[in-house]
Number of protein chains: 2
Amino acid sequence: MNLRDLQYVVSVADLGHFGRASAACNVSQPTLSGQILKLENELGVQVFERDGRTVRVTERGAAIVAHARRAVNAAADLIAAARASRDPLDGPIRLGVIATVGPYLTPYLLPAAARDLPKAPLLLVEDLTSHLLPLLSEGKLDAAVIATDPPSDRLESIDLYDEAFWLMTAPDDPLSRRKSARIADIDPTNLLLLADGHCLRDQALDLCGQPNLGGGASADMRAASLETLLHLVAAGFGVTLAPRMAVDTWDVNGGRLRAVPLEGKDVTRRVRLVFRRDMPRRAAVEELARTIRGAAPPCVSASPPQATP
Amino acid sequence: MNLRDLQYVVSVADLGHFGRASAACNVSQPTLSGQILKLENELGVQVFERDGRTVRVTERGAAIVAHARRAVNAAADLIAAARASRDPLDGPIRLGVIATVGPYLTPYLLPAAARDLPKAPLLLVEDLTSHLLPLLSEGKLDAAVIATDPPSDRLESIDLYDEAFWLMTAPDDPLSRRKSARIADIDPTNLLLLADGHCLRDQALDLCGQPNLGGGASADMRAASLETLLHLVAAGFGVTLAPRMAVDTWDVNGGRLRAVPLEGKDVTRRVRLVFRRDMPRRAAVEELARTIRGAAPPCVSASPPQATP
DNA sequence: CGGGGGCGATAGGAATAGCCAATCGCGTCC
DNA sequence: GGACGCGATTGGCTATTCCTATCGCCCCCG
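Okay, so let's go over this structure. (Residues numbered from 1 in each chain as written. Chains lettered and ligands numbered in written order. Predicted model: local features only at pLDDT ≥ 70, side-chain atom pairs only at ≥ 80, totals over all residues. Heavy atoms only, no water.)

1. Let's talk about the overall build of chain A
Note the following rule: A helix here means a DSSP run of H or I that spans at least four residues, while a strand means a run of E at least two residues long, and both kinds are numbered starting from the N terminus. Per-residue accessibility, obtained with a 1.4 Å probe over protein chains only, is compared with the maximum for each type, and a residue is labelled buried under 20%, exposed over 50%, and partly exposed between these values. We call two residues in contact whenever any of their non-hydrogen atoms come within 4.5 Å of each other. Values of accessible area rely on a 1.4 Å probe in the Shrake-Rupley scheme; residue burial ignores everything except the protein chains shown.
Along the backbone of chain A there are 10 helices and 12 strands. By the burial criterion, 47% of the 309 residues in chain A qualify as buried. Considering only intrachain contacts with a sequence separation of at least 6, the fraction spanning at least 24 residues in chain A is 75%. When the accessible area of chain A is evaluated, it comes to approximately 14,000 Å², of which 52% is carbon and sulfur surface.

This is how it looks when you write it as structure tokens:
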């Protein structure tokens with residue numbers, strides 16, 4: 001048995017296709033087929049069920065694939081640890097960012113990271129929190145920027161900054177004249193929300209105290225991205241809550257939107273950097289956290305220096 | 001990089017000696033040396049520090065050894081899972097037993113296990129709880145019989161039986177005439193205890209409400225085994241608490257000891273089978289638990305059928 | 001119904017990696 | 001100062017792994 005064989009098994013299990021798996025592993029298809037077959041013979045267990053068209057993991061093979069994955073991940077961590085022990089700040093960092101942070105943070109982050117982490121290019125992945133966290137656990141990401149409570153278990157987090165929510169309205173909205181507003185001023189039936197899965201949607205619902213809002217026209221208006229949402233607001237379909245960093249870009253852009261700060265210190269979200277607890281390159285992640293904290297614009301306030309669960 | 005190489009690394013780290021490690025891995029010493037050297041070159045990290053006499057893991061190597069261990073364990077689990085998926089009850093079970101249970105349970109257990117688990121010979125290891133639990137976590141044991149609260153974390157447990165403590169005295173002790181006794185009847189300064197580390201010692205102290213007894217002659221009498229302890233009691237040095245199953249052997253043996261049951265339903269210990277949560281051969285462990293519950297003599301009462309944390 | 005294409009298995013030969021026995025170099029200990 | 005213990009080195013063999021080319025199978029489509 002060989003680590004490479006296990007890599008083959010994981011790859012076939014993931015892709016469900018010997019040919020594509022072999023390409024992913026940079027070997028020929030016969031090689032991969034042969035090694036899988038050899039392993040199945042060694043173990044006396046058929047891991048995959050091939051019936052001409054599709055490849056599936058057998059019931060008995062599932063446990064084997066799981067253990068193979070563990071072994072492969074451990075080996076990958078070992079290599080990462082070796083590189084990290086030479087220079088933790090050397091080598092790419094795969095960073096996930098949630099969709100309501102990514103577009104606004106990235107322009108500040110990239111130059112700062114290029115300066116602070118010259119040998120660690122950032123490979124950015126933008127997705128929902130619920131997609132990023134599994135990728136972290138599987139070792140497919142080194143760290144992720146999220147805005148929900150830090151998940152406990154095998155993940156750890158560093159607080160980055162607190163970001164206020166502002167009320168975004170069309171220019172002709174009555175609220176747009178105000179210097180500031182309160183949550184209570186918002187008409188829930190007029191509140192536009194992001195699609196399911198975005199933490200910003202849940203936070204807006206939570207702030208407005210309506211876990212099951214879902215009435216009126218807004219129910220049909222679940223924007224797939226914050227940009228779309230703000231376009232809807234500008235077009236007069238309603239109002240929404242936007243994170244502070246999204247305000248600047250839009251407020252300036254031709255005045256099609258108005259941004260009104262909200263009163264109350266709880267009208268914020270805390271943005272955190274999360275990573276796997278036994279990540280080999282902790283030093284790189286910590287440096288990245290420092291970089292983000294330093295690079296974030298003054299409109300968001302850095303969180304207390306350290307806070308990990 | 002190869003799983004075998006990682007096995008070599010783990011072995012050298014554990015044994016601190018290339019020659020012994022090579023023997024443990026069933027390869028020649030030059031082979032092992034060569035592979036370790038090759039791996040260190042590949043990784044660009046010196047994992048071991050050799051200075052003629054001793055071999056130590058370097059600071060930078062520690063993380064690498066840890067990851068290597070993870071990978072090796074995962075691979076071992078994979079093989080175990082493969083065998084288990086053919087027949088979970090096939091293959092040896094490495095069973096740890098605490099010292100105050102082992103000598104008395106084993107005679108009942110072995111025949112029953114040979115009947116219920118004919119293809120799973122038991123490899124018994126007798127040691128202190130604090131030694132058995134790490135062995136479980138490291139995958140060097142499949143299960144262990146302990147008598148303390150089930151450790152949470154990555155271990156799981158099945159309740160086996162509740163075992164009463166009896167008061168053991170010399171024949172000429174005043175208490176030996178009684179049909180039963182209470183804890184309060186025991187003179188703490190007269191109580192003999194096992195050496196540190198035995199859970200029975202802690203439980204006896206706990207029951208007698210004296211976490212820091214340690215006075216009088218008994219302070220110098222910390223027996224290394226329950227057998228030694230009972231010999232001391234028979235020789236008139238004091239009294240002790242013994243688990244119920246230890247009573248039978250001694251009470252019969254020539255009347256050199258008296259056993260007095262203790263009143264109160266809390267004067268018991270619960271004996272459990274613990275095992276790693278992601279153990280591949282759960283079915284074998286569960287069958288082993290059933291076997292032990294069935295084989296335990298009537299003097300101990302089987303715990304409620306199922307209880308896992 | 002019969003050819004084309006996609007997919008995994010098979011065959012044979014070449015490159016590579018791992019292994020062993022023998023030996024070396026270096027320290028330590030008697 | 002010689003014997004010994006330990007890890008590193010060398011040279012040659014073997015087993016594994018890999019590749020290209022090809023086969024057999026099944027599905028699809030004309």
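2. Some thoughts on the protein's contact with DNA strand C
Just so we agree on the cut-off: When we say a residue is near a molecule or strand, we mean one of its heavy atoms is within 4 Å of it. We call two N or O atoms a polar contact when they sit within 3.5 Å, provided that within protein one can donate a hydrogen and the other can accept it, with sequence-adjacent residues counted only if both atoms are side-chain atoms.
Neighbouring DNA strand C are 20 residues; P30(A), S33(A), R50(A), Y8(B) and S28(B) lie closest to it. Here the atoms of DNA strand C within 4 Å of the protein split so that 73% fall in sugar or phosphate, with bases taking the remainder. Take H17(A): an N or O atom from its side chain is 3.0 Å from a phosphate oxygen of DNA strand C. Residue F18(A) places a main-chain N or O atom 3.0 Å away from a phosphate oxygen belonging to DNA strand C. Breaking the surface near DNA strand C down by element, the ones donating at least two residues are helix 2 (18-24) and helix 3 (29-43) of chain A together with helix 1 (3-15) and helix 3 (29-43) of chain B.

3. Describing the pairing of strand 4 (residues 122-127) of chain A
Residues and elements named next belong to chain A. We count it as follows: Here, strands pair whenever DSSP counts at least two bridges between them. Crossover handedness is defined here as right-handed if the route from the first strand over the helix to the second strand goes clockwise, with the strands pointing away from the viewer.
Sheet analysis places strand 3 (residues 93-98) next to strand 4, joined by 6 bridges and oriented parallel. Residue pairing for strand 4: G96 is matched across the bridge by V125. This β-α-β element, strand 3 to helix 5 (residues 102-116) to strand 4, shows right-handed connectivity.

4. Let's talk about the protein's contact with DNA strand D
Spelled out, the test is: Three classes are used: nonpolar for Ala, Val, Leu, Ile, Met, Phe, Trp, Tyr, Cys and Pro, charged for Asp, Glu, Lys and Arg, and polar for all others, with Gly counted as polar.
Surrounding DNA strand D, one finds 20 residues, the nearest of these being Y8(A), S28(A), T31(A), P30(B) and R50(B). When the atoms of DNA strand D within 4 Å of the protein are sorted by group, sugar and phosphate make up 69%. Side-chain polar atom of R4(A) to a phosphate oxygen of DNA strand D: 3.1 Å apart, as the coordinates give it. At 2.9 Å from a phosphate oxygen of DNA strand D is found a side-chain nitrogen or oxygen belonging to Y8(A). For the surface near DNA strand D, the secondary-structure elements that each account for two or more residues are helix 1 (3-15) and helix 3 of chain A together with helix 2 (18-24) and helix 3 of chain B. Broken down by class, the residue content of the surface near DNA strand D amounts to 7 nonpolar, 9 polar and 4 charged.

5. Observations concerning the packing of aromatic side chains
Residues and elements named next belong to chain B. Put simply, the rule is: What counts as a ring pair is set by centres within 6.5 Å for rings of Phe, Tyr and Trp (its six-membered ring), and what kind of pair is set by the plane angle: stacked under 30 degrees, edge-to-face over 60, tilted for all other angles.
Counting across every chain of the model gives 2 aromatic pairs over all chains. Look at F18 and F48: their rings are 6.2 Å apart centre to centre, the planes differ by 75°, and that puts the pair in the edge-to-face class. With a gap of 30 residues between them, F18 in helix 2 and F48 in strand 1 (residues 48-50) connect regions that are remote in the sequence. Taken as a pair, F18 and F48 share a single burial class, namely buried.

6. Section: the pattern of salt bridges
Residues and elements named next belong to chain B. Note the threshold: Whenever Lys or Arg places a side-chain nitrogen within 4 Å of a carboxyl oxygen from Asp or Glu, that contact is recorded as a salt bridge.
Considering all chains together, one arrives at 42 salt bridges over all chains under this definition. The partner of D87 in a salt bridge is K119, and the shortest N-O contact between them spans 2.8 Å. Pair noted here: D87 is in the loop between helix 4 (59-86) and strand 3 (93-98) and K119 is in the loop between helix 5 (102-116) and strand 4 (122-127), with a separation of 32 residues, a long-range link. A salt bridge links R290 to E287; its shortest N-O distance comes to 2.9 Å.

7. Thoughts on the interface of chain A and chain B
Applicable threshold: The quantity reported as buried area is the accessible area (1.4 Å probe) lost by two parts once they are put together, taken as the sum for both.
Between chain A and chain B, the residue contacts involve 27 residues of the former and 26 residues of the latter. Sorting the residues of chain A by area buried against chain B places M1(A), H67(A) and L78(A) first, and these three jointly supply 26% of that buried surface. At the boundary of chain A and chain B, one finds 6 residue pairs in polar contact (both at pLDDT 80 or more). Elements that contribute at least two residues to the side of chain A that touches chain B include exactly helix 1 and helix 4 (59-86) of chain A. No other element matches the 17 residues that helix 4 of chain A contributes to the side of chain A that touches chain B. Split into classes, the residues belonging to the side of chain A that touches chain B amount to 16 nonpolar, 5 polar and 6 charged.

8. Topic: the layout of surface pockets
The cut-off we apply is this: Cavities and pockets are found on a 1 Å grid laid over the protein atoms alone: a cavity is a set of points where a 1.4 Å probe fits but cannot escape, a pocket is an open set with protein on both sides within 12 Å along at least five of seven lines, and a lining residue has an atom within 4 Å of such a point. Grid points are joined across faces, edges and corners, and a volume is the space filled by probe spheres set on the points. For the purposes of this description, domain bounds are those given by an automatic or database domain assignment.
Taken as a whole, the largest pocket spans an internal volume of roughly 1,500 Å³. Breaking the lining of the largest pocket down by element, the ones donating at least two residues are helix 4 of chain A together with helix 1 and helix 4 of chain B. A breakdown of the residues in the lining of the largest pocket according to their chemical character gives 13 nonpolar, 9 polar and 22 charged. One number sums up the size of the second largest pocket: a volume of about 790 Å³. Considering the residues around the second largest pocket, the lining is formed by 28 residues, among which Q7(A), V72(A), A75(A), A76(A) and D77(A) are closest to the centre. The dominant element in the lining of the second largest pocket, judged by the number of residues it contributes, is helix 4 of chain A, at 9 residues. Both domain 1 (3-86) and domain 2 (93-152 + 273-302) of chain A contribute no fewer than three residues apiece to the lining of the second largest pocket.

9. With respect to the relation of the copies chain A and chain B
Let me state the cut-off plainly: Least-squares superposition of the copies uses the C-alpha atoms of those residues scoring a pLDDT of at least 70 in each of them.
Overlaying chain A on chain B yields an RMSD of 0.2 Å, the required transformation being a rotation through 180° with an accompanying axial translation of 0.1 Å. Look at the turn and shift together and you get a two-fold axis relating the two. Nearest to the rotation axis, the C-alpha of A71(A) is located 2.2 Å from it, this being the minimum over chain A. Most of the interface of chain A is mirrored in chain B, where 96% of its interface residues again form contacts.

10. Observations concerning the side chain of R276(A)
Looking at the element boundaries, R276(A) is found in strand 11 (residues 268-276). In this structure the side chain of R276(A) is engaged in a polar contact, spanning 3.0 Å, whose partner is the side chain of D77(A). A polar contact is formed between the side chain of R276(A) and the side chain of D278(A), at a distance of 3.1 Å. Leave out the neighbours within four places in its chain, and R276(A) touches D77(A), L136(A), S137(A), G139(A), R154(A), L155(A) and R70(B).

11. With respect to the nonpolar core
What counts is decided by this rule: Among the buried residues, those of types Ala, Val, Leu, Ile, Met, Phe, Trp, Tyr and Cys that are joined through side-chain atoms within 4.5 Å form a nonpolar core.
The biggest cluster of nonpolar side chains holds 70 residues, and the ones touching the most others in it are L95(B), V145(B), Y161(B), L167(B), L273(B), L288(B) and I292(B). Two domains each donate at least three residues to this core, and these are domain 2 (89-161 + 269-302) and domain 3 (163-261) of chain B. What L95(B) contacts, discounting residues up to four positions off in sequence, is L109(B), L122(B), L123(B), L124(B), V125(B), L141(B), A143(B), A144(B), V145(B), L273(B) and L288(B). In this structure, I93(A), L262(A), F275(A) and V285(A) belong to the second largest nonpolar core, which totals 69 residues.

12. A word on unusual backbone geometry
Outside of glycine, negative phi angles account for most residues, and trans bonds account for most peptide bonds. Positive phi, close to 60°, is recorded for N26(A), a residue that is not glycine. With a relative accessible area of 70%, N26(A) lands in the exposed category.

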